[in-house]
Amino acid sequence: MSPAQLVVQYLPYLRRYARALTGSQLAGDAYVAATLETLVSDPATIGADANVKVALFRVFTRIWNSLAVNGETEPVVRDLPAEVRLGQITALPRQAFLLSSLEGFTEEEAAVILDAGVERVRELVDEAGRELAADIATAIMIIEDEPLIAMDLEALVEGLGHNVTGVARTRTEAVELASKNRPGLILADIQLADGSSGLDAVNDLLATFEVPVIFITAYPERFLTGERPEPAFLIAKPFQPANVSAVISQALFFQQAARRRDHVEA
C-alpha cells in the first residue's frame, strides 16, 4: 500500500483527534484539510520508510502548534459538558493526553509527533490528568491487598484532587466499604489477599450501583484477549503515575459524557 493510500486509511483517526482537540467538527476538519494541503504541496513530508500514521499526525501537530492562539486556554466553566471541559485543558498536555488515551500512540510515538522527549510526554500526560481530574474530581475506592501499592495509589489519586473513601484488601471488605461510602470510581486489583478476585468484588458492587472501574493487574495479557467480556480500563503493574492519572481522567470523562447523553435523551 502506498503512503498516499495509507494517509487516506488514517484520515478518520486524524479527524477524530482534530475534533477532540478543537472541540469543533468545523475547526477540526479545517486543520485536517490544511494538513492534506501540506502533503499535496510537499509529498516528501512523509518519507517512504516512515510510520505513516505517526508522520501524518506529526504534520498536523506542526500546523496546530504554529498558531499562537492554540497555546491559549479559556477560563474553566464548571457547568460545561465534559467534551468542552476537555477542550479547556492546556494545549500541549491536551495533545499528549489525547494522543495516548484517545488514539493509542505509545509514549515513543507521541514523542515523535510532539517533537519532545519521552519524559516530557509523560509529564504532559500527567499534567493533563491533573487538570481534567481537578474539574471532575470524585470519591475513589481502592481495592488492593499490597499495602505499599495501596499507599502509592492513595497518594496519587489524592494528588489529582480526588478523595479516597478507603482501601479494601478483600472482596468482603470491598462490599462493606462501598455500603458505607459509595464511590464515584473504583481502582481494583484483580488478585486479592484472601484468594478472592477483584473482578468478583466489582461485580458484587455493580449489581447495586453503576460506577467506572479501572482494574490493575500484573498479568494484563490475560484480560486483553478479546475472547470474552473484559475490563474496559486496565492498568498493568508496575504502573507509571502518568498512566494511572490519564486512565482515571479518561474513565471519568466517558462517564460524564454518558450522563450528559442520557440527560439529553431523557
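**Focus: the nonpolar core**
Line of reasoning, step 1. Grouped together as the largest cluster of nonpolar side chains are 35 residues, with contacts concentrated most on L14, Y17, I46, L56, F57, F60 and L99.
Line of reasoning, step 2. Elements supplying a minimum of two residues to this core: α1 (3-22), α2 (25-41), α3 (52-65), α5 (91-102), α6 (107-114) and α7 (118-135).
Line of reasoning, step 3. Top contributing element to this core by residue count: α3, with nine residues.
Line of reasoning, step 4. Every residue in contact with L56, bar those within four places of it in the chain, is listed here: V7, Y10, L14, T35, L39 and I46.
Line of reasoning, step 5. Formed by 20 residues, the second largest nonpolar core is a distinct cluster that contains I142, I149, I214 and L252.

**Some thoughts on the confidence of the model for the protein**
Line of reasoning, step 1. On average, residues of the protein score 79 in pLDDT, and 77% of them are at 70 or above.
Line of reasoning, step 2. Residue range residues 71-88 is modelled with pLDDT below 50. Its contacts to residues more than four positions away, or to other chains, number 34 contacts.

**Remarks on helix α8 (residues 147-159)**
Line of reasoning, step 1. Taking 1.5 Å of rise per residue, 13 residues should cover 18 Å, and α8 covers 18 Å from first to last C-alpha, within 8% of that figure.
Line of reasoning, step 2. Within α8, burial applies to I149, A150, L153, L156 and V157. Axial view of α8: buried residues confined to an arc of 130°, hence all on one face. Exposed residues lying more than 90 degrees from the buried face of α8 are P147, L148 and M151.
Line of reasoning, step 3. Looking at the residues trailing α8, positive phi occurs at G161, about 100°.

**Digging into the packing of aromatic side chains**
Line of reasoning, step 1. A full pass over the atoms with the stated rule returns five aromatic pairs.
Line of reasoning, step 2. Between Y17 and F60 the ring centres are 5.7 Å apart and the planes differ by 70°, which places this aromatic pair in the edge-to-face class. You can see Y17 sitting in helix α1 and its partner F60 sitting in helix α3, a full 43 residues away along the chain. For the pair shown, Y17 and F60 are each scored as buried.
Line of reasoning, step 3. Each ring, one from F57 and one from F105, has its centre 4.9 Å from the other, and the planes form 70°; the classification is edge-to-face. Of this pair, F57 sits in helix α3 while F105 sits in the loop between α5 and α6; the two residues are 48 residues apart in sequence, bridging distant segments of the chain. The two residues F57 and F105 agree in class, both being buried.
Line of reasoning, step 4. The structure contains a cluster of three or more aromatic residues connected by ring pairs, namely Y17, Y31, F57, F60, W64 and F105.
Line of reasoning, step 5. Here the guanidinium or amino end of K53 rests over the ring plane of Y13, the centre of that ring lying 4.8 Å away.

Criteria and cut-off values
- Residues numbered from 1 in each chain as written.
- Predicted model: local features only at pLDDT ≥ 70, side-chain atom pairs only at ≥ 80, totals over all residues.
- Heavy atoms only, no water.
- Core = buried A, V, L, I, M, F, W, Y, C linked by side-chain atoms within 4.5 Å.
- Buried < 20%, exposed > 50% of the residue type's maximum accessible area, 1.4 Å probe, protein only.
- Helix = DSSP H or I, 4+ residues; strand = E, 2+ residues; numbered from the N terminus.
- Contact = heavy atoms within 4.5 Å.
- pLDDT = per-residue confidence, 0-100.
- Expected span 1.5 Å × (residues − 1).
- Arc of directions from axis to C-beta.
- Phe/Tyr/Trp six-rings, centres within 6.5 Å; stacked < 30°, edge-to-face > 60°.
- Lys NZ or Arg CZ within 6 Å of the ring centre and 35° of its normal.

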